[in-house]
Structures are given as C-alpha cells and as structure tokens.
Amino acid sequence: MSLRNDLEQELKRLVGTHTPTSVTVSDAGGLQLRVDFTAVDSMSCSFDQIELFVPSLQNAAFDALKKWAENLSQRINYLLENIGPLEYDPTAGQVLIRSTPPDQLPDGTQYYEIVLSSQSGGNFSLRRYKSVKGQPGRDAVEITITHEVLLKLADDLVDTVP
C-alpha cells in the first residue's frame, strides 16, 4: 500500500476522535509519515504537526534540501498562505520554509513553518504558529484541513522528495 492509501484508512478509522492521537504510516521505500492528530471528523481533521522521515536524505548534500524546498514551495499552493524558503543553513543541514507573507491578524500573525533537515535523518516537519503583538515568542496552533487536502499534501511530500 502507499502512504496515501494507508493514511486514508487511518483517517476513516479515526473519524469521531477528539483526543490527541499520533499515526505513523510507511511505504516499502522506507518513507514514514507521522501526523499528530487532535481531532478527526468525517470531512476534516486537526493536527499539531506532520512529519515525513526520508532515510535517503540522511546526511544528503545540501543542494538536495534546497531542491526539495523549491519543489515543495512551488507545489504546495493550497494552504491558507503561500510558502517559500526563508533561511538556508548548510552548516546545520537545514532549510526553513515559512508562509510568504504570514496571515496578518488584528492582534498578530499566523504562519506555517516547515523545516527540512538532513542532520536529523532526512526530515520534513510542518507546524503552524501564532505570534501576538507585544508578547515575546510564539505559540503552536492546530492546523485544520479537509481529508482531501491532507491526502494531497501527503502525495506532494512524497512526489517532491529528491
């Protein structure tokens, strides 16, 4: 089975869940997708984070991460904001991708943040954050999307791996 099919089966199994539940699905090539769900209903789901472990990118050349960041940023155009590479750190083997521009709220901003890393075993991590004007730091917030969008995201992650 593919990551998409396995994830689709997990979504069906989790309908009605309103407690934090982590799901990990994998494929024959070693890719592992983990979603930290907070709620799943018949059409949508909320999650704190989604991660993709890509063994082939462990300690990969930095150009491979840059290529992945560019391909992801062009392909994933259906979230609340567009995304694009923000920081390249060849020493740490990481690329930071964020919403471009972030969502402007009356009291602050919200944005997606993706970290691609070759040092931590070839990882993709997606979270959403909110920062409030006049307050230091930021807080993670849930991402809520339809099942269809989550499955498309899973496909796009796998399809763009260099």
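This text follows the structure it describes.
All of these numbers come straight from a predicted model, not from anything done at the bench. (Residues numbered from 1 in each chain as written. Predicted model: local features only at pLDDT ≥ 70, side-chain atom pairs only at ≥ 80, totals over all residues. Heavy atoms only, no water.)

## Regarding the packing of aromatic side chains
Move 1: Tallying each qualifying case throughout the model produces 3 aromatic pairs.
Move 2: On the basis of an interplanar angle of 80 degrees and a centroid distance of 6.4 Å, the ring pair of Phe62 and Tyr88 is categorised as edge-to-face. With Phe62 in helix H2 (residues 62-75) and Tyr88 in strand E4 (residues 83-89), this pair connects stretches of sequence that are 26 residues apart.
Move 3: For Tyr88, a relative accessible area of 37% gives the class partly exposed. (Phe/Tyr/Trp six-rings, centres within 6.5 Å; stacked < 30°, edge-to-face > 60°. Helix = DSSP H or I, 4+ residues; strand = E, 2+ residues; numbered from the N terminus. Buried < 20%, exposed > 50% of the residue type's maximum accessible area, 1.4 Å probe, protein only.)

## Notes on the pairing of strand E8 (residues 123-132)
Move 1: E8 sits mainly inside the fold: 7 of its 10 residues count as buried.
Move 2: As judged from the 4 bridges shared by strand E3 (residues 44-53) and E8, these two strands associate in the antiparallel manner. Across the sheet, the residue bridging to Leu52 is Phe124, located in E8.
Move 3: The sheet contact formed by strand E7 (residues 108-117) and E8 spans 10 bridges and is antiparallel. (Pairing = 2+ DSSP bridges.)

## Some thoughts on the side chain of Ser73
Move 1: Among the structural elements, Ser73 can be located in helix H2.
Move 2: Polar contacts involving the side chain of Ser73 include one to the main-chain carbonyl oxygen of Ala69, which spans 2.8 Å. (Polar contact = N/O pair within 3.5 Å; in protein donor to acceptor, adjacent residues only side chain to side chain.)

## Topic: the packing of H2 against helix H3 (residues 147-160)
Move 1: Interhelical geometry of H2 versus H3 gives an angle of 145 degrees and a closest axis separation of 9 Å. Crossing of H2 over H3 shows right-handed handedness. Contacts between H2 and H3 pair Trp68, Asn71, Leu72 and Arg75 from the former with Asp156, Leu157, Asp159 and Thr160 from the latter. (Axes fitted to C-alpha atoms, helices over the stretch in contact; angles between N-to-C directions. Left-handed = near helix turned anticlockwise from the far one by under 90°. Contact = heavy atoms within 4.5 Å.)

## Comments concerning the pattern of salt bridges
Side chains carrying opposite charge are able to pair once their charged atoms draw close together.
Move 1: As enumerated under the stated definition, the model contains 10 salt bridges in all.
Move 2: Taking the shortest distance from any N to any O, the salt bridge between Arg75 and Asp156 comes out at 3.0 Å. In this pair, Arg75 sits in helix H2 while Asp156 sits in helix H3, placing the two residues 81 residues apart along the sequence.
Move 3: Overall, the relative accessible area of 34% leaves Arg75 in the partly exposed class.
Move 4: Notably, a salt bridge pairs Glu113 with Arg98, separated by 2.7 Å at the nearest N-O pair. In this pair, Glu113 sits in strand E7 while Arg98 sits in strand E5 (residues 94-99), placing the two residues 15 residues apart along the sequence.
Move 5: Using a relative accessible area of 9% as the deciding quantity, one classes Glu113 as buried. (Salt bridge = Lys/Arg side-chain N within 4 Å of Asp/Glu carboxyl O.)

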